[in-house]
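Listed below, chain by chain, are the residues.
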Amino acid sequence: MLPPVKYPETSVDAFVADLRSVCGQFDVRPGKERVQMRGGALLESRAGIEMARMAMDVQQVVRTQKSVKQENGEHYFLIVQEEGKALMSQADVSVMMSPGDMVLIDSAAPSEFTFFGHFNRQLSLHLPRAELHSRFGYDLLRGGLSLPRHDPTNMALYGVLAKVFSTIEANNSTNHYLREAVMGLLGAMLHERSGREDFAGIDSDLGSSHALTAAQAYIDTHYRNPEMSVQHMADDLCMSVRQIQRGFASIGTTPTKYLMLKRLEHTRRGLEDRKAGRRDDLIASIAYEAGFSDLSYFNRCFRQAFGQTPKEFLKLDVVQLS
(Lines give C-alpha, C1' and ligand atoms only; values in the text may rest on other atoms or scores of the structure.)
Protein backbone atom coordinates (compact mmCIF):
# COMPACT_ATOMS: atom_id res chain seq x y z
CA MET A 1 0.00 0.00 0.00
CA LEU A 2 2.75 2.43 0.98
CA PRO A 3 6.12 2.68 -0.81
CA PRO A 4 9.05 1.24 1.17
CA VAL A 5 10.91 3.74 3.32
CA LYS A 6 14.51 3.42 4.45
CA TYR A 7 14.47 3.70 8.21
CA PRO A 8 17.79 4.75 9.74
CA GLU A 9 19.27 3.61 13.02
CA THR A 10 17.89 5.53 15.97
CA SER A 11 18.02 5.31 19.73
CA VAL A 12 15.36 3.32 21.53
CA ASP A 13 14.56 6.36 23.67
CA ALA A 14 13.99 8.51 20.56
CA PHE A 15 11.67 5.88 19.08
CA VAL A 16 9.68 5.66 22.33
CA ALA A 17 9.28 9.45 22.34
CA ASP A 18 8.06 9.45 18.71
CA LEU A 19 5.74 6.50 19.31
CA ARG A 20 4.13 8.15 22.31
CA SER A 21 3.67 11.45 20.50
CA VAL A 22 1.99 9.64 17.59
CA CYS A 23 0.03 6.82 19.25
CA GLY A 24 -0.11 7.62 22.94
CA GLN A 25 1.30 5.98 26.03
CA PHE A 26 3.09 2.82 24.91
CA ASP A 27 6.21 1.17 26.30
CA VAL A 28 8.91 -0.62 24.35
CA ARG A 29 10.84 -3.78 25.18
CA PRO A 30 13.75 -3.58 22.77
CA GLY A 31 15.58 -6.77 23.75
CA LYS A 32 18.46 -7.43 26.06
CA GLU A 33 20.76 -4.41 26.54
CA ARG A 34 19.75 -2.76 23.25
CA VAL A 35 19.99 1.02 23.03
CA GLN A 36 19.87 1.36 19.22
CA MET A 37 17.24 0.13 16.80
CA ARG A 38 15.91 0.64 13.26
CA GLY A 39 12.51 2.24 12.82
CA GLY A 40 10.37 5.29 13.37
CA ALA A 41 6.83 6.60 13.86
CA LEU A 42 5.20 9.26 11.69
CA LEU A 43 1.71 10.77 11.94
CA GLU A 44 -0.20 12.07 8.94
CA SER A 45 -3.79 12.70 7.85
CA ARG A 46 -5.44 11.37 4.69
CA ALA A 47 -9.09 11.80 3.68
CA GLY A 48 -9.85 13.16 7.13
CA ILE A 49 -8.42 10.08 8.86
CA GLU A 50 -5.44 10.30 11.19
CA MET A 51 -2.88 7.62 10.34
CA ALA A 52 0.42 6.54 11.85
CA ARG A 53 3.18 4.89 9.84
CA MET A 54 5.32 2.79 12.16
CA ALA A 55 8.39 0.61 11.74
CA MET A 56 10.47 -1.18 14.36
CA ASP A 57 12.75 -4.14 15.00
CA VAL A 58 12.21 -4.48 18.75
CA GLN A 59 10.91 -7.41 20.80
CA GLN A 60 7.63 -5.89 22.01
CA VAL A 61 5.50 -2.76 22.12
CA VAL A 62 3.02 -2.81 25.01
CA ARG A 63 0.24 -0.69 26.42
CA THR A 64 -0.21 -1.54 30.09
CA GLN A 65 -3.14 -0.97 32.42
CA LYS A 66 -1.12 1.86 33.98
CA SER A 67 -0.75 3.50 30.56
CA VAL A 68 -4.49 3.18 29.92
CA LYS A 69 -5.22 4.97 33.20
CA GLN A 70 -2.91 7.83 32.20
CA GLU A 71 -4.94 8.57 29.04
CA ASN A 72 -8.57 8.75 28.04
CA GLY A 73 -8.30 6.11 25.29
CA GLU A 74 -10.08 8.27 22.74
CA HIS A 75 -9.41 6.02 19.71
CA TYR A 76 -9.71 2.59 18.25
CA PHE A 77 -6.65 1.66 16.18
CA LEU A 78 -7.17 -0.28 12.95
CA ILE A 79 -3.74 -1.84 12.42
CA VAL A 80 -2.66 -2.95 8.94
CA GLN A 81 0.38 -5.24 8.88
CA GLU A 82 2.58 -4.21 5.95
CA GLU A 83 5.86 -6.04 6.50
CA GLY A 84 7.03 -8.78 8.85
CA LYS A 85 4.96 -10.76 11.34
CA ALA A 86 3.55 -9.65 14.68
CA LEU A 87 1.68 -11.37 17.48
CA MET A 88 -1.10 -9.08 18.70
CA SER A 89 -2.64 -9.78 22.10
CA GLN A 90 -5.60 -7.97 23.68
CA ALA A 91 -7.96 -9.34 26.31
CA ASP A 92 -8.16 -13.09 25.66
CA VAL A 93 -7.38 -12.84 21.94
CA SER A 94 -4.01 -13.49 20.31
CA VAL A 95 -3.63 -13.01 16.56
CA MET A 96 -0.52 -13.72 14.48
CA MET A 97 -0.48 -11.03 11.80
CA SER A 98 1.15 -11.38 8.39
CA PRO A 99 1.38 -8.71 5.67
CA GLY A 100 -2.10 -7.65 4.59
CA ASP A 101 -3.84 -8.71 7.81
CA MET A 102 -5.77 -6.13 9.84
CA VAL A 103 -6.84 -6.00 13.48
CA LEU A 104 -8.91 -3.55 15.54
CA ILE A 105 -7.32 -2.45 18.83
CA ASP A 106 -9.10 -0.67 21.68
CA SER A 107 -6.84 2.03 23.13
CA ALA A 108 -8.89 1.92 26.35
CA ALA A 109 -7.59 -1.59 27.13
CA PRO A 110 -4.10 -3.07 27.55
CA SER A 111 -2.55 -4.55 24.42
CA GLU A 112 0.73 -6.11 23.31
CA PHE A 113 2.55 -6.48 20.02
CA THR A 114 5.38 -9.01 19.90
CA PHE A 115 7.78 -8.71 16.93
CA PHE A 116 10.44 -11.22 18.07
CA GLY A 117 13.18 -8.74 17.16
CA HIS A 118 12.38 -8.84 13.42
CA PHE A 119 11.74 -5.72 11.34
CA ASN A 120 8.04 -4.80 11.04
CA ARG A 121 6.06 -2.08 9.29
CA GLN A 122 2.49 -1.23 10.26
CA LEU A 123 -0.10 1.36 9.33
CA SER A 124 -2.41 2.44 12.15
CA LEU A 125 -5.70 4.23 11.43
CA HIS A 126 -6.75 6.28 14.47
CA LEU A 127 -10.55 6.11 14.57
CA PRO A 128 -12.35 8.36 17.09
CA ARG A 129 -14.05 6.29 19.80
CA ALA A 130 -17.06 8.60 20.11
CA GLU A 131 -17.74 8.49 16.36
CA LEU A 132 -17.50 4.70 16.13
CA HIS A 133 -19.83 4.24 19.09
CA SER A 134 -22.27 6.71 17.53
CA ARG A 135 -22.17 4.88 14.18
CA PHE A 136 -22.10 1.27 15.33
CA GLY A 137 -23.18 1.23 18.98
CA TYR A 138 -21.28 -0.35 21.85
CA ASP A 139 -22.07 -4.02 21.38
CA LEU A 140 -20.18 -4.56 18.12
CA LEU A 141 -16.93 -2.85 19.08
CA ARG A 142 -14.23 -4.72 20.94
CA GLY A 143 -10.48 -4.97 20.73
CA GLY A 144 -8.94 -8.00 19.07
CA LEU A 145 -11.32 -8.26 16.10
CA SER A 146 -9.28 -9.12 13.05
CA LEU A 147 -9.75 -9.00 9.31
CA PRO A 148 -7.56 -11.58 7.51
CA ARG A 149 -5.99 -10.62 4.21
CA HIS A 150 -8.07 -13.14 2.20
CA ASP A 151 -11.37 -11.84 3.56
CA PRO A 152 -13.39 -9.99 0.85
CA THR A 153 -14.03 -7.06 3.23
CA ASN A 154 -10.30 -6.80 3.89
CA MET A 155 -9.55 -6.71 0.17
CA ALA A 156 -12.17 -4.00 -0.37
CA LEU A 157 -10.85 -1.95 2.53
CA TYR A 158 -7.29 -2.38 1.34
CA GLY A 159 -8.32 -1.09 -2.09
CA VAL A 160 -9.97 1.99 -0.58
CA LEU A 161 -6.88 2.72 1.52
CA ALA A 162 -4.69 2.36 -1.56
CA LYS A 163 -6.93 4.95 -3.24
CA VAL A 164 -6.59 7.21 -0.21
CA PHE A 165 -2.80 7.17 -0.49
CA SER A 166 -2.74 7.53 -4.26
CA THR A 167 -5.04 10.56 -4.31
CA ILE A 168 -3.07 13.80 -4.25
CA GLU A 169 -4.77 16.87 -2.84
CA ALA A 170 -8.25 15.43 -3.21
CA ASN A 171 -11.14 17.84 -2.86
CA ASN A 172 -13.42 17.80 0.15
CA SER A 173 -16.10 15.79 -1.63
CA THR A 174 -13.64 13.04 -2.64
CA ASN A 175 -12.19 12.91 0.86
CA HIS A 176 -15.68 12.62 2.33
CA TYR A 177 -16.59 9.64 0.15
CA LEU A 178 -13.28 7.89 0.76
CA ARG A 179 -13.67 8.32 4.50
CA GLU A 180 -17.25 7.04 4.36
CA ALA A 181 -16.07 4.04 2.36
CA VAL A 182 -13.56 3.19 5.10
CA MET A 183 -16.20 3.54 7.79
CA GLY A 184 -18.76 1.54 5.83
CA LEU A 185 -16.39 -1.38 5.31
CA LEU A 186 -15.39 -1.26 8.97
CA GLY A 187 -19.08 -1.47 9.85
CA ALA A 188 -19.46 -4.48 7.54
CA MET A 189 -16.62 -6.21 9.39
CA LEU A 190 -18.15 -5.47 12.79
CA HIS A 191 -21.57 -6.81 11.80
CA GLU A 192 -20.05 -9.91 10.23
CA ARG A 193 -18.04 -10.68 13.36
CA SER A 194 -20.87 -9.89 15.80
CA GLY A 195 -22.37 -13.36 15.54
CA ARG A 196 -19.04 -15.19 15.85
CA GLU A 197 -17.83 -14.72 19.42
CA ASP A 198 -15.26 -17.50 19.10
CA PHE A 199 -13.61 -15.90 16.04
CA ALA A 200 -9.95 -15.35 16.86
CA GLY A 201 -8.71 -13.68 13.71
CA ILE A 202 -6.92 -16.49 11.93
CA ASP A 203 -7.01 -15.90 8.20
CA SER A 204 -7.97 -18.66 5.82
CA ASP A 205 -9.04 -19.38 2.30
CA LEU A 206 -12.54 -20.61 1.66
CA GLY A 207 -11.48 -24.21 1.09
CA SER A 208 -9.80 -24.70 4.49
CA SER A 209 -11.60 -22.22 6.73
CA HIS A 210 -13.61 -24.85 8.62
CA ALA A 211 -10.60 -27.05 9.39
CA LEU A 212 -8.49 -24.07 10.41
CA THR A 213 -11.13 -22.53 12.67
CA ALA A 214 -11.88 -25.86 14.36
CA ALA A 215 -8.20 -26.71 14.85
CA GLN A 216 -7.34 -23.26 16.18
CA ALA A 217 -10.21 -23.46 18.68
CA TYR A 218 -9.10 -26.98 19.70
CA ILE A 219 -5.53 -25.83 20.36
CA ASP A 220 -6.76 -22.78 22.26
CA THR A 221 -8.65 -25.14 24.58
CA HIS A 222 -6.17 -28.00 24.94
CA TYR A 223 -2.67 -26.49 24.55
CA ARG A 224 -1.91 -26.92 28.27
CA ASN A 225 -2.15 -30.70 27.91
CA PRO A 226 1.47 -31.94 27.46
CA GLU A 227 0.17 -35.07 25.72
CA MET A 228 -1.62 -33.15 22.99
CA SER A 229 -0.55 -33.95 19.43
CA VAL A 230 -1.70 -33.08 15.94
CA GLN A 231 -2.82 -36.69 15.43
CA HIS A 232 -4.93 -36.64 18.62
CA MET A 233 -6.47 -33.36 17.52
CA ALA A 234 -7.28 -34.75 14.07
CA ASP A 235 -8.88 -37.83 15.61
CA ASP A 236 -11.00 -35.76 18.01
CA LEU A 237 -12.12 -33.43 15.20
CA CYS A 238 -12.79 -36.30 12.77
CA MET A 239 -10.41 -34.76 10.25
CA SER A 240 -7.21 -35.85 8.60
CA VAL A 241 -3.86 -34.47 9.67
CA ARG A 242 -3.42 -33.23 6.10
CA GLN A 243 -6.64 -31.18 6.28
CA ILE A 244 -5.41 -29.44 9.40
CA GLN A 245 -1.94 -28.88 7.95
CA ARG A 246 -3.42 -27.31 4.80
CA GLY A 247 -5.49 -24.95 6.94
CA PHE A 248 -2.47 -23.68 8.86
CA ALA A 249 -0.36 -23.58 5.70
CA SER A 250 -2.72 -20.92 4.35
CA ILE A 251 -1.45 -18.56 7.06
CA GLY A 252 2.19 -19.55 6.64
CA THR A 253 2.57 -21.74 9.71
CA THR A 254 1.90 -25.23 11.05
CA PRO A 255 -0.33 -26.61 13.82
CA THR A 256 2.81 -27.48 15.80
CA LYS A 257 4.11 -23.90 15.58
CA TYR A 258 0.72 -22.50 16.57
CA LEU A 259 0.63 -24.86 19.56
CA MET A 260 4.10 -23.65 20.57
CA LEU A 261 2.95 -20.05 20.18
CA LYS A 262 0.06 -20.59 22.59
CA ARG A 263 2.30 -22.27 25.17
CA LEU A 264 4.97 -19.57 24.95
CA GLU A 265 2.37 -16.83 25.23
CA HIS A 266 0.95 -18.53 28.34
CA THR A 267 4.37 -18.69 29.98
CA ARG A 268 5.15 -15.09 29.08
CA ARG A 269 1.93 -13.94 30.71
CA GLY A 270 2.71 -16.06 33.76
CA LEU A 271 6.16 -14.51 34.05
CA GLU A 272 4.62 -11.05 33.67
CA ASP A 273 2.30 -11.84 36.58
CA ARG A 274 5.28 -12.96 38.63
CA LYS A 275 7.15 -9.73 37.85
CA ALA A 276 4.09 -7.76 38.94
CA GLY A 277 3.82 -9.71 42.20
CA ARG A 278 0.54 -11.40 41.27
CA ARG A 279 2.05 -14.88 41.64
CA ASP A 280 5.25 -16.39 43.02
CA ASP A 281 5.50 -19.71 41.15
CA LEU A 282 8.81 -21.13 40.00
CA ILE A 283 9.65 -20.73 36.33
CA ALA A 284 9.42 -24.50 35.98
CA SER A 285 5.91 -24.53 37.43
CA ILE A 286 4.75 -21.87 34.97
CA ALA A 287 6.30 -23.83 32.07
CA TYR A 288 4.66 -27.10 33.12
CA GLU A 289 1.35 -25.28 33.56
CA ALA A 290 1.55 -24.18 29.91
CA GLY A 291 2.07 -27.74 28.65
CA PHE A 292 5.87 -27.98 28.50
CA SER A 293 7.25 -31.25 29.88
CA ASP A 294 10.96 -30.57 29.20
CA LEU A 295 12.39 -27.52 30.98
CA SER A 296 15.56 -27.33 28.87
CA TYR A 297 13.51 -27.41 25.68
CA PHE A 298 11.23 -24.70 27.09
CA ASN A 299 14.20 -22.47 27.89
CA ARG A 300 15.55 -22.82 24.34
CA CYS A 301 12.17 -22.09 22.75
CA PHE A 302 11.53 -19.10 25.00
CA ARG A 303 14.92 -17.57 24.23
CA GLN A 304 14.45 -18.08 20.50
CA ALA A 305 11.02 -16.42 20.59
CA PHE A 306 11.65 -13.51 22.97
CA GLY A 307 15.37 -12.86 22.75
CA GLN A 308 16.21 -13.71 26.35
CA THR A 309 15.95 -16.58 28.78
CA PRO A 310 13.00 -16.73 31.20
CA LYS A 311 15.31 -15.60 34.03
CA GLU A 312 16.51 -12.64 31.96
CA PHE A 313 12.91 -11.83 31.03
CA LEU A 314 11.99 -11.57 34.72
CA LYS A 315 14.72 -8.95 35.18
CA LEU A 316 13.91 -7.00 31.99
CA ASP A 317 12.24 -3.65 32.47
CA VAL A 318 10.40 -1.73 29.79
CA VAL A 319 12.01 1.43 28.46
CA GLN A 320 10.79 4.44 30.41
CA LEU A 321 11.32 8.10 29.58
CA SER A 322 12.40 10.42 32.33
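Reference entry: report on the structure contained in this document. Please read all numbers here as calculations on a predicted model, not as lab measurements.

Attention now moves to the overall build of the protein chain. The helix and strand inventory of the protein chain stands at 12 helices and 13 strands. When each of the 322 residues of the protein chain is scored for burial, the buried share is 54%. Pairs at least 24 residues apart make up 72% of the contacts formed inside the protein chain by residues separated by at least 6 positions. In the form shown here, the protein chain has an accessible surface area of approximately 15,100 Å², with 51% of it arising from carbon and sulfur atoms.

Now for the pairing of strand β6 (residues 60-63). Judged by which residues are buried, β6 turns out to be covered on both faces: Q60 and V62 on one side and V61 and R63 on the other are all buried. The sheet contact formed by strand β2 (residues 27-29) and β6 spans three bridges and is antiparallel. Within the sheet, the bridge partner assigned to V28 lies in β6 and is V61. Sheet topology places β6 next to strand β11 (residues 111-114); four bridges connect them, and they run antiparallel. In the strand pairing of β11, V61 is matched with F113.

So, on to the packing of helix α4 (residues 152-166) against helix α5 (residues 172-193). For any two helices packed against each other, one specifies the inter-axial angle together with the distance between the axes. One can describe the packing of α4 onto α5 by two numbers: an axis separation of 10 Å at closest approach and a directional angle of 165°. The angle between the axes of α4 and α5 places the two elements in the roughly antiparallel class. Crossing handedness for the pair α4 and α5: left-handed. Contacts from T153, A156, L157, V160, L161, K163 and V164 of α4 reach α5 at L178, A181, V182, L185, A188, M189 and E192.

What follows deals with the pairing of strand β5 (residues 49-56). Within β5, seven of the eight residues are buried, leaving the element largely enclosed by the surrounding structure. Judged from the seven bridges that link them, β5 and strand β12 (residues 120-128) form a sheet pairing that is antiparallel. The residue of β12 that forms the bridge with A55 is R121.

With that settled, consider the pattern of salt bridges. According to the stated counting rule, one finds 20 salt bridges in the structure shown. For R53, the salt bridge identified is with E44, shortest N-O distance 3.5 Å. Accessibility classification places R53 together with E44 in one group, the buried group. Note that R135 is salt-bridged to E131, the shortest N-O span being 3.0 Å. Of this pair, R135 and E131 both sit in helix α3 (residues 129-136), four residues apart, roughly one helical turn. When salt bridges with common partners are traced through the structure, they connect E112, E265, R268 and R269 into a single cluster.

Scoring rules and cut-offs
- Residues numbered from 1 in each chain as written.
- Predicted model: local features only at pLDDT ≥ 70, side-chain atom pairs only at ≥ 80, totals over all residues.
- Heavy atoms only, no water.
- Helix = DSSP H or I, 4+ residues; strand = E, 2+ residues; numbered from the N terminus.
- Buried < 20%, exposed > 50% of the residue type's maximum accessible area, 1.4 Å probe, protein only.
- Contact = heavy atoms within 4.5 Å.
- Areas by Shrake-Rupley, 256 points an atom, 1.4 Å probe, with all protein chains shown as cover.
- Pairing = 2+ DSSP bridges.
- Axes fitted to C-alpha atoms, helices over the stretch in contact; angles between N-to-C directions.
- Parallel < 35°, antiparallel > 145°, perpendicular 65-115°, else oblique.
- Left-handed = near helix turned anticlockwise from the far one by under 90°.
- Salt bridge = Lys/Arg side-chain N within 4 Å of Asp/Glu carboxyl O.

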